[in-house]
Amino acid sequence: MQRPTAVEGGRRIDLHAHTTFSDGTMSPESLVRHAMAKKLAALAITDHDSVDALDPARRAADATLEVVPGIEISTCSDGLDLHLLGYFIDSTDATLRERLLEFRAERIERALSIVDRLRQLGAPIDGAAVVASAGSGVVGRPHIADALMRAGHVDSMDAAFRKFLGPRGGAYVPRPAFSPADAIALIHGAGGISVLAHPGPAMAITVIERLAEDNLRGIEVWHPQHGPSTIRHYQALAGRLGLLATGGSDFHGVGRSVDLGDIAVPFGSLLALKDAAGVAG
């Protein structure tokens, strides 16, 4: 797929990146240093179901880099997995913090259920080690995939998801139900702006229209999964539905996909998010 490349110079931003507090390979401090080395003006940290990377990232950043507080929340609607990004959230919000603790417990329970299914399928791994591998972050299927690779059951992350962990995999366990509407309300309750993450080239327009009716505020237009025609499609849809257009690399680590900052996201996207969130600057 042909991807838009980052524009040299100017104010480059990346509004979608992960750390070791979810399924990224870099600590918040390392990610910030990488962003500054790439000469980014702004970086949004959007860990899955966690805001714990935000404070260490802010402390590590210097005056050249703005750290945008964010999160990515997994939801399900009519059997469809949808991820909601939240920008400029108040990471100290009590309701948000309480729900994130519930997410953490649900993730551990799900991971152990997957490990049990893997054992029944003849691909045993150590469940306690999987949970421990997440450290202070939230455990997810990528941690299980890493364990499967280390045990020699599969030779790649893709193979782990294809054979065992994806929706059609033999060990797949769905997450406890959490609706997009609930995620949108949780993000907005914490003062944030809700954005649909990586809809991909095939998502039905009716799904996004329904989210807009639930007060979704934006859509991720620029993403590694989106080629030029998909970008144009979502730009037009965002305009029609009155949604903000955002984007980023969905960075999880060097060599995992495109590098941090290598998706061309207009600086105006950040300004529009700030305006919607009532954030100065």
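Everything discussed here concerns the structure shown above.
Residues numbered from 1 in each chain as written. Predicted model: local features only at pLDDT ≥ 70, side-chain atom pairs only at ≥ 80, totals over all residues. Heavy atoms only, no water.

J.: Quick question: what am I supposed to make of unusual backbone geometry here?
T.: Excluding glycine, most residues fall at negative phi; most peptide bonds, likewise, are trans. Positive phi is not limited to glycine here, since Asp78 has a value of about 55 degrees. Tracing the chain through its elements places Asp78 in the loop between β3 (66-77) and β4 (80-87). Phi is positive for Asp250, close to 55 degrees, though the residue is something other than glycine. Relative to the assigned elements, Asp250 resides in the loop between β7 (244-247) and α10 (267-277). (Helix = DSSP H or I, 4+ residues; strand = E, 2+ residues; numbered from the N terminus.)

J.: Can you help me understand the environment of Asp93 in this one?
T.: Here Asp93 shows up in the loop between β4 and α3 (94-120). For Asp93, a relative accessible area of 18% translates into the label buried. Along the chain, Asp93 and Ile187 lie 94 residues apart, while their C-alpha atoms are 10.0 Å from each other. Setting aside chain neighbours within four positions, we find Asp93 in contact with Gly189 and Ala190. (Buried < 20%, exposed > 50% of the residue type's maximum accessible area, 1.4 Å probe, protein only. Contact = heavy atoms within 4.5 Å.)

J.: Looking at this structure, how should I read the environment of Ala145?
T.: Note that Ala145 resides in helix α5 (residues 141-150). As for Ala145 and Gly200, which are separated by 55 residues in sequence, their C-alpha atoms are 23 Å apart. Once you skip the residues sitting within four places of it in the chain, Ala145 turns out to touch Met157, Ala160, Phe161 and Leu165.

J.: What is the right way to look at the sheet that holds β7 in this model?
T.: Pairing between the strands of a sheet comes from backbone hydrogen bonds, and it takes one of two forms, parallel or antiparallel. Pairing is mixed across the open sheet formed by 7 strands, whose spatial order is β1-β2-β3-β4-β5-β6-β7. Looking at which strands have only one partner, the edges of the open sheet turn out to be β1 (12-17) and β7. Ignoring which end each strand starts from, the neighbouring axes of this sheet average 35 degrees apart. Examined bridge by bridge, strand β6 (residues 218-222) and β7 share 4 bridges and lie parallel to one another. Each residue of the ladder has a partner; that of Glu220, found in β7, is Thr246. Across the sheet, helix α8 (residues 205-213) lies against β3, β4, β5 (193-196) and β6, angled at about 45 degrees from β4, the strand it touches most. (Pairing = 2+ DSSP bridges. Axes fitted to C-alpha atoms, helices over the stretch in contact; angles between N-to-C directions.)

J.: I would appreciate a short explanation of the side chain of His198 in the present structure.
T.: Position of His198 among the secondary structure elements: in the loop between β5 and α8. Taking the relative accessible area as the measure of exposure, His198 reaches 18% and is therefore buried. Residues in contact with His198, not counting those within four places in the same chain, are His16, Glu72, His83, Glu220, His223, Gln225, His226 and Asp250.

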